[in-house]
Amino acid sequence: MSGVAQPDGSHSCFGKEKRLLTASDYSRVFDGAEARASHKHVLLLAKQNDRPGHRLGLVVAKKNVRLAVQRNRVKRLAREVFRQADNNPPYMDVVLLARRGIDQLDNAELSSILRGQWRKLEKRVSEAETSERRGR
RNA sequence: CGAGUCGGUCAGGCGAUCGCUCUGCCAUCGGUUUCGGUCGUUGGCGGGGAGGAAAGUCCGGGCUCCAUAGGGCAGGGUGCCAGGUAACACCUGGGGGGCGCGAGCCUACGGAAAGUGCAACAGAAAGGAAACCGCCCGGCCGUUCACGCGGCCAGGUAAGGGUGAAAUGGUGCGGUAAGAGCGCACCGCGCGGCUGGUAACAGGCGCGGCGAUGGUAAACCCCACCCGGAGCAAGACCAAAUAGGAAUCCUGUAGCUGCGGCCCGCAGUGGAUUCGGGUAGGUCGCUUCAGGCAGGCGGUGACGCCUGUCGCAGAUGAAUGAUCGUCCACGACAGAACCCGGCUUAUCGACCGACUCAACUU
RNA sequence: UGGGGUGUCGCCAAGCGGCAAGGCACCAGGUUUUGAUCCUGGCAUUCGUAGGUUCGAAUCCUACCACCCCAG
């Protein structure tokens, strides 16, 4: 299982196995978040999983982003950044929550913010993992 | 060329790379098999992939379940006429009224002589009436030589004033003590034929002097016609966990529950026997139709009929994007969630067609 | 996505065709040595917005806007 099914990094895809599918997947991340990255317009929560890759879930509330077109745009950009990001262990389940005002950003601004937050999150998760190993 | 009216079409294009979803064919691996297949994994080559409003959810249908959607009351809707349609509050044509020089545009446009109600304040009076100020005739008293003036009484009078959003047909002439449909003409109103039109309605004739028939029905209401309820999170199927369950037979019609409210009506609930029920999750419903395009025929038109042709999103944390290059008029409003027909609202612009007005030139 | 509801002063609200009650808060004055209490007065320019009906609309009708609730 370990490493055999690892997808090709340069040839990144985004199928169903890379997404959080059920309500229980989401609540698992919400209840036991191990790392978080917060920004004015976005909040990321993460928890390690036992699967061969990262998984992403998106929460873009109608309350925070009023128009459906803008909600779709935010989600598409988030998926795009996730897809192009490095796909290295430790693998985790990530939930992205959009905050109010995110629809005011243009595509370039939004994707640079998302890339920055993703890197921050990766770093924090690996720190958490190493401290956990020391703890054992 | 300028000003304007109506109708229609389009909704950035092209290329490269990386990605999402559905699907056809081929290969691949795995499960199952009655060896026909069938279900899934991965890969390759193709194909399809948001809108004119997808929106608001304001109407109308289809579809599903509740009884094959039944009767009455209540409630709601529509409201000039005719047609179109599956249906409509939509559309088309016509009529009345209003606006515009015009092309055209707007129009909740049935009934107030069936009934009930309402109209603050002001005003004499706000609807079965009315005399506040006026105006006029007469009588009596006072005053004056007299004309006249003043006061009181009894009448006539809706022409004038004043109030109000609204005051009991309008204008003119005659008439009168002053006035008045009191009389006449025209207009308005009402009634009755006639002519045209399917009808709404229009035209014309006659009659009625109009002490009746004011306004309000987006007040109750009356009249005509229409409407059962919920909604794909409907509903059907497969099914962990955990408990209150389901079918058959018998009994009962009282109570309770369900079918929006009430009354009927209908169904279930009670006992015995026998085994299954269905939340998480999954599958179906889920896209081929009141379908688009072209031609012909009928119709003023909305539209209908016939023939040919095309296949045009079906996701389920939810798919059309990102980056770069390039061109130009530098891209508005904005994202399907069961599906259609309308309405309404948002919207950068571009183009096409028909028509009107004004000026000028030929 | 579907169903339902509410918008009246800074806040809580009544009114449902004829002058927009009331309370809290706020402001001014008085009382008090000062403050609280108390007393008096003030405080709605568009009743969410825009049209319409009516002599007259917060109220009736139509369209739109904002917010909230329910179903999963």
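The structure we're discussing is the one just above.
Just so you know, these numbers come straight off a predicted model, no measurement behind them.

Draft legend 1. Molecular detail of the overall build of chain A. Summing up its helical and strand segments, chain A has three helices and four strands in all. Out of the 136 residues in chain A, the part that is buried amounts to 38%. Contacts in chain A between residues at least 24 apart in sequence constitute 80% of all its contacts with a sequence separation of at least 6. Accessible area for chain A stands at about 8,400 Å²; split by element, carbon and sulfur atoms hold 49% of it.

Draft legend 2. Up close: the protein's contact with RNA strand B. In the vicinity of RNA strand B, 20 residues are found, and the nearest of them are Arg19, Tyr26, Leu58, Asn72 and Arg83. Those atoms of RNA strand B that come within 4 Å of the protein belong to sugar or phosphate at a rate of 79%. The side chain of tyrosine 26 places a nitrogen or oxygen atom 2.5 Å from a sugar or linking oxygen of RNA strand B. At a separation of 3.0 Å, a base oxygen of RNA strand B approaches a polar side-chain atom of arginine 76. Listed by contribution, the elements that provide at least two residues to the surface near RNA strand B are β3 (55-59) and α2 (68-84). If you tally residues by element for the surface near RNA strand B, the top one is α2, at seven residues.

Draft legend 3. Fine view of the pattern of salt bridges. By the definition in use, this model includes two salt bridges. One salt bridge connects arginine 55 with aspartate 93, and the closest N-O pair in it is separated by 3.1 Å. Linking arginine 55 in strand β3 with aspartate 93 in strand β4 (residues 92-98), this pair joins segments that are 38 residues apart in sequence. Arginine 55 gets classed as buried once you look at its relative accessible area, which sits at 5%. Between arginine 83 and glutamate 80 there is a salt bridge, and its shortest N-O distance comes to 2.5 Å. Highlighted residues: arginine 83 and glutamate 80, both in helix α2, separated by three residues, approximately one helical turn. On the basis of relative accessibility, which here comes to 31%, the residue glutamate 80 falls in the partly exposed class.

Draft legend 4. Representation of empty space enclosed by the protein within the structure. Under the criterion given, the structure shown has two cavities of 30 Å³ or more. In this structure, the second largest cavity spans a volume of roughly 80 Å³. Leu44, Leu56, Ala78, Val81, Phe82, Leu96, Leu114 and Trp118 are the residues that line the second largest cavity. With three residues, α2 is the single largest residue contributor to the lining of the second largest cavity.

Draft legend 5. Layout of a positive patch on the surface. On the surface, a cluster of positive charge is made up of Lys62, Lys63, Arg66 and Arg100. If you trace the backbone, arginine 66 turns up in the loop between β3 and α2. Here arginine 66 falls in the exposed class, since its relative accessible area comes to 66%.

Draft legend 6. Fine view of the sheet that holds β3. Spatially, the four strands line up as an open sheet ordered β1-β2-β4-β3, and their pairing is mixed. Each having just a single partner strand, β1 (35-38) and β3 make up the two edges of the open sheet. Geometrically, the sheet is characterised by an average inter-axis angle of 15° between neighbouring strands, direction not taken into account. By the bridge criterion, four bridges tie β1 to strand β2 (residues 42-48) in an arrangement that is antiparallel. The residue bridging alanine 35 from the neighbouring strand is alanine 46, located in β2. Those strands touched by α2 are β3 and β4, and its axis lies near 160° from that of β3.

Criteria and thresholds
Residues numbered from 1 in each chain as written. Chains lettered and ligands numbered in written order. Predicted model: local features only at pLDDT ≥ 70, side-chain atom pairs only at ≥ 80, totals over all residues. Heavy atoms only, no water. Helix = DSSP H or I, 4+ residues; strand = E, 2+ residues; numbered from the N terminus. Buried < 20%, exposed > 50% of the residue type's maximum accessible area, 1.4 Å probe, protein only. Contact = heavy atoms within 4.5 Å. Areas by Shrake-Rupley, 256 points an atom, 1.4 Å probe, with all protein chains shown as cover. Near = heavy atom within 4 Å. Polar contact = N/O pair within 3.5 Å; in protein donor to acceptor, adjacent residues only side chain to side chain. Salt bridge = Lys/Arg side-chain N within 4 Å of Asp/Glu carboxyl O. 1 Å grid on protein atoms, 1.4 Å probe; cavity = no way out; pocket = protein on both sides within 12 Å on 5 of 7 lines; lining within 4 Å. Points joined across faces, edges and corners; volume = space filled by probe spheres on them. Patch = residues over 30% accessible without salt bridge, like charges linked within 9 Å, V, L, I, M, F, W, Y side chains within 5 Å. Lys, Arg positive; Asp, Glu negative; His and termini not counted. Charge placed at Lys NZ, Arg CZ, Asp CG, Glu CD. Pairing = 2+ DSSP bridges. Axes fitted to C-alpha atoms, helices over the stretch in contact; angles between N-to-C directions.

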